[in-house]
Structure formats: C-alpha cells, structure tokens
Amino acid sequence: MNEIVRKTDEQLIAEFQGGDELAFVELVDRYKDRLINFVYRFLNDMTDAEDLVQETFLKVYKKKHAYREIAKFSTWIYTIAGNLARSELRKRKRRKTYTMSSLSFEDNEFTPVDPDMDTEGVVFNSYAGEEIMKAIKQLPEPFKTIIILRDIQELSYEDISTILDIPMGTVKSRVNRARLKLQETLSYLRE
Amino acid sequence: MQNNECIYVSEQFTEYQDNSLSSEIRARVDTHLAVCSLCRNTYQELNDLLNRLHDLPAVGAKADFTENLLSRIEALNQESTWQKIYRSSYTRVAGYAVAAGFVFALGLNIWIDPISSVSPIGSQRIAGEGQVQKTSTDSPLASQVDSVEYSKSDSITFQRNTINSGTQSLQLVSDR
Ligand SMILES: [Zn+2]
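A brief look at the structure comes next. Sequence order as written defines the numbering, with residues in each chain counted from 1. For this description, chains carry letters from A and ligands carry numbers from 1, given in the order in which they are written. With pLDDT at 70 or above as the cut-off, local features in this predicted model cover only qualifying residues; side-chain atom pairs require 80 or more to be listed or tallied, and sums for whole chains, interfaces and linings still use all residues. As a rule here, side-chain values come from all non-hydrogen atoms in the structure, and water together with hydrogens is ignored.

1. Quick notes on the overall build of chain A
Here comes step 1: Within chain A one finds eight helices and zero strands.
Here comes step 2: Helix and strand assignments follow DSSP, with helices taken as H or I runs no shorter than four residues and strands as E runs no shorter than two, numbered in order from the N terminus. Put simply, chain A runs from its N terminus to its C terminus through helices and strands in the order α-α-α-α-α-α-α-α.
Here comes step 3: Here's how the labels work: a residue is buried when its accessible area is under 20% of the maximum for its type, exposed when over 50%, partly exposed in between, all with a 1.4 Å probe on protein chains only. Considering chain A as a whole, with its 191 residues, one finds that 55% of them fall into the buried category.
Here comes step 4: Whether two residues are in contact is decided by their heavy atoms, any of which lying within 4.5 Å being enough. Counting only contacts in chain A whose residues sit at least 6 apart along the sequence, the fraction spanning at least 24 positions is 63%.
Here comes step 5: Counting every atom, chain A has about 8,700 Å² of accessible surface; 50% of that belongs to carbon and sulfur. Exposure was quantified through the Shrake-Rupley algorithm and a 1.4 Å probe, taking into account, for residues, occlusion by the shown protein chains and nothing else.

Okay, here's the thing in structure tokens:
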C-alpha cells in the first residue's frame, strides 16, 4: 500500500488544486469505473458512457477550483456526470435517434470490472439484466435517476439528497415510488 | 382487494426494508402483511427486484481510458499555451490591448461556459410528492460548478462570482 491510497478524495482534490497532477490521476482511477457504471445505466451504450465520463473528468480538470470543501467530492462529481447524462438524453430525444430499437443492447460491449470474471457468467448475467434494463429505461426520468443512484450505485440517502438537491424525505418517498413503478413495469413487460 | 391500508403500507416498504420505521408504524405494517396476501406478494417481489438490481453486471472503463483522458488534457494544455502566446503579442500594442483582452475574455467565457447549463439532476419535480419544494431550482453544487475560473483581468466578473459562490456556500450550509 503506498501513501496515496490512504488519502481521502477531499485530500486528493485539495492536492490537485495545489497543482499536484498525480492526485488527479488517482481520482480518475478511483471514480472511472463507478461513473461509467452510473452513466451506462442512463445511456445503455458503452462508447457514449466512456465519452461522457471523459467529459466529466475534463470538467473536473478544467474547473478544479470550482470545488469547495463544504461538499463531498463524490457528490460533486456525480452531480457533474449526472447532469451531463441527463442533457445527453435530452439531446438524443431531440434528435429522435433514441428509438425503441436501441432498447436492445446486445451489440454493446461489456467490459467486466473484474478481468478474471467468468465469461459465461457475464453473458448469463447480462442476459438476465436485459429485462430489468429495459424496464429502467421506460421509467420517467426522476424515477430512473433515483433507481440508478440508490439501487444500482447504492449511494446513501444523504448523498442522493445532496446530488439531486431535494430533501431527504423526498428522496425516500421517491425511492419507494420508483421501486413500485419499476416492479409494475417489469410485470407489464412479462405479459 | 387493495384498500387504503394497502396504499399506506406500500408507501412504507422502503423504510420497512431499511428497518428505519418507528416501532408503531412497523407493527402496523407487520399486522397488515400478516393478513393481506396481496401486499405480502408485492413486498416479496420488491425484495427480489432489489436483489436483481444489486446483481446487475458491473461495467467499467476500458484499459486505455486514463491514457486517452490524459492525452486529451495534454492537447488542452498545449492549446492554452498557444492562446497565451497569441494574447501576449497583442498586449505590446497598447491601442489593441484593451479590445483584444475584451474579445479574449468574451471568447474564454463562451469557451468555458458549457458547464453553466449544469442544473441539479432532480430539478424536475414530481407532482404529488407532498413536500414543500424550494422555489429555486439552482443546486448549490451546480452553482459551484458554475463559478468557473474567469480571466483574472476580468476582475469585476471574477469578484462577482466569488461573492455569488460565497452566498451559495452559505445556503448549502444553512439548508442542511
Ligand atoms: Zn394490503
């Protein structure tokens, strides 16, 4: 274990603000997989997800001084990535390229986080996950966002409240409603 | 058949699962689940759904992700070095200096500005959530993102943004 591993995200961004570019690289390593996993659930496209996460890090790089210590680094970067994902979705809707055919994501490339992961297992899991991804995609945007943040990214209610700028009580009731809605959508898809 | 108690109980499922309900409400949910098979099924299905969500295969960055990012940053840095050289050649000509600085600052603002469209992910409110919503849709975090590094020569804009971000910080602290 080298010294940098023990540092908090907030220490790393402070060091980066002070000019240490290695601290930035460490933050990239810590967040790239999480953010790609996050953004991918919105876009259902690995190439777009990678591009968008690159954009996110470029913004962090260019605007490092916009970060203030009063917020957690994680909620700050999730806010940036989430907003980029949301505006990408809006752009797609405007271009009308977001057709029903893109519901199928068989063509998309999966990059397992664990390189030793059993390939057959990945294929099986992605097949099983397809139905649920279809259902998530059909959710209204605020429900989709909250399911991704809470049930896929497994963020705390507090962090979600900060990222979405809504009260904690609203987060909880929205999670509840989103899950019921998702369940309803799934059973509708099965019929 | 679903009744008002079913609706009430289904609204508690998330906190029931989190084990964060008061003992009184928890007992009420327990009692209802014991007698209502419809809600029992729904709750069981919700549990299965959560397991499936947690088991979704994780995706991650390709091996060359960081490398690609760093070369994009390098290109960006080289670009801004050339912009600096370009700008300094103008400053020798006193008559053009003010105009060039203004044009550059304007360009820089536009170039840097794409992030100002950043707004909170949750700014889209859902009707019937029953919460008193803040009238402002500005996220304190998003505002922080907005207060970008303006050209230092543009001192009035720079100061104004510093003051703004100070106010936003206060809001964030007092809201939570
Ligand atoms: Zn019931």
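Next comes the rest of the write-up.
2. Looking at the layout of surface pockets
Here comes step 1: Within this scheme a cavity is a closed region of a 1 Å grid, computed over the protein atoms alone, that accommodates a 1.4 Å probe without allowing it to escape, whereas a pocket is open but has protein on both sides within 12 Å along at least five of seven lines; lining residues each have an atom within 4 Å of a point. Grid points are joined across faces, edges and corners, and a volume is the space filled by probe spheres set on the points. Quantified by volume, the second largest pocket comes out at close to 590 Å³.
Here comes step 2: If you trace the second largest pocket, you find 24 residues lining it, with Asn176, Arg177 and Leu180 of chain A together with Ser10 and Glu11 of chain B closest to the centre.
Here comes step 3: Counting residues per element, the ones that place at least two in the lining of the second largest pocket are helix H8 (168–190) of chain A together with helix H1 (4–11), helix H2 (13–18) and helix H4 (37–54) of chain B.
Here comes step 4: Under the scheme applied, nonpolar residues are Ala, Val, Leu, Ile, Met, Phe, Trp, Tyr, Cys and Pro; charged residues are Asp, Glu, Lys and Arg; polar residues are all the others, including Gly. A per-class count over the lining of the second largest pocket returns six nonpolar, eleven polar and seven charged.

3. Here's the deal with the packing of helix H6 (residues 141–152) of chain A against helix H7 (residues 157–164) of chain A
All names here are of chain A.
Here comes step 1: Here H6 crosses H7 at 140°, and the two axes come no closer than 10 Å. Note on packing geometry: the crossing formed by H6 with H7 is right-handed. Contacts from Thr145, Ile146, Leu149 and Arg150 in H6 reach Tyr157, Ile160, Ile163 and Leu164 in H7.
Here comes step 2: When the residues that make up the contact of H6 with H7 are grouped by side-chain class, the tally is six nonpolar, one polar and one charged. All axes here are fitted lines through C-alpha atoms, helices being fitted over the stretch that makes contact, and every angle between N-to-C directions spans 0 to 180 degrees. Note: crossing handedness is left-handed where the near helix turns anticlockwise from the far helix by less than a right angle, and right-handed where it turns clockwise.

4. Observations concerning unusual backbone geometry
Here comes step 1: Phi is positive for aspartate 165 of chain A, close to 55°, though the residue is something other than glycine.
Here comes step 2: Position of aspartate 165 of chain A among the secondary structure elements: in the loop between H7 and H8.
Here comes step 3: Although it is not a glycine, asparagine 19 of chain B adopts a positive phi angle of roughly 65°.
Here comes step 4: With respect to the helices and strands, asparagine 19 of chain B occurs in the loop between H2 and helix H3 (23–35).

5. Topic: helix H4 (residues 73–95) of chain A
For an α-helix, the turn length of 3.6 residues means that residues three or four places apart are oriented alike.
Here comes step 1: Here the expected length of a helix is defined as 1.5 Å per residue gap, with one fewer gap than residues. Taking 1.5 Å of rise per residue, the 23 residues of H4 of chain A would be expected to cover 33 Å, and the 33 Å separating its terminal C-alpha atoms lies within 8% of that figure.
Here comes step 2: With 17 of 23 residues buried, H4 of chain A lies mostly within the body of the structure.

6. Notes on the coordination of the zinc ion
In a perfect tetrahedron of four donors around a metal, the angles come out at 109.5 degrees. In a perfect octahedron of six, they are 90 or 180 degrees.
Here comes step 1: Distances decide who is a donor: an N, O or S atom must be within 2.8 Å of the metal, or within 3.2 Å for Na, K and Ca. Water is not included, so sites may look incomplete. For the zinc ion, every protein donor is listed as Cys6 of chain B (SG), His32 of chain B (NE2), Cys36 of chain B (SG) and Cys39 of chain B (SG), and the spread of their distances is 2.1 to 2.3 Å.
Here comes step 2: Note on geometry labels: four donors, all angles 85 to 135 degrees, give tetrahedral; four donors become square planar and six octahedral when opposite donors are over 155 degrees apart and every other angle is between 65 and 115; remaining cases are irregular. Bound by four donor atoms, the zinc ion shows angles of 102 to 114° at the metal and therefore tetrahedral coordination geometry.

7. Details of the environment of aspartate 48 of chain A
Residue and element names in this part refer to chain A.
Here comes step 1: Its location among the elements puts aspartate 48 in helix H3 (residues 46–62).
Here comes step 2: Ignoring any residue separated from it by four or fewer positions in sequence, one finds aspartate 48 in contact with Leu43 and Arg92.
Here comes step 3: A polar contact of 2.5 Å, which involves the side chain of aspartate 48, links it to the side chain of arginine 92. Throughout this description, a polar contact denotes any pair of N or O atoms lying within 3.5 Å of each other; where both atoms belong to protein, one of them has to be capable of donating a hydrogen while the other can accept it, and for residues adjacent in sequence the pair is counted only when both atoms sit in side chains.

8. Focus on the pattern of salt bridges
Residues and elements named next belong to chain A.
Here comes step 1: Salt-bridge detection follows one rule: a side-chain nitrogen of Lys or Arg within 4 Å of a carboxyl oxygen of Asp or Glu. Taken as a whole and assessed by the stated rule, the structure comprises 14 salt bridges over all chains.
Here comes step 2: Residue glutamate 184 pairs with lysine 181 through a salt bridge whose shortest N-O separation is 3.8 Å. Remark: lysine 181 and glutamate 184 occur in helix H8; sequence separation between them is three residues, near one turn of the helix.
Here comes step 3: Among the residues examined, lysine 181 registers a relative accessible area of 32% and is labelled partly exposed.
Here comes step 4: If you follow the salt bridges from partner to partner, you end up with Asp48, Glu88, Lys91 and Arg92 in one network.

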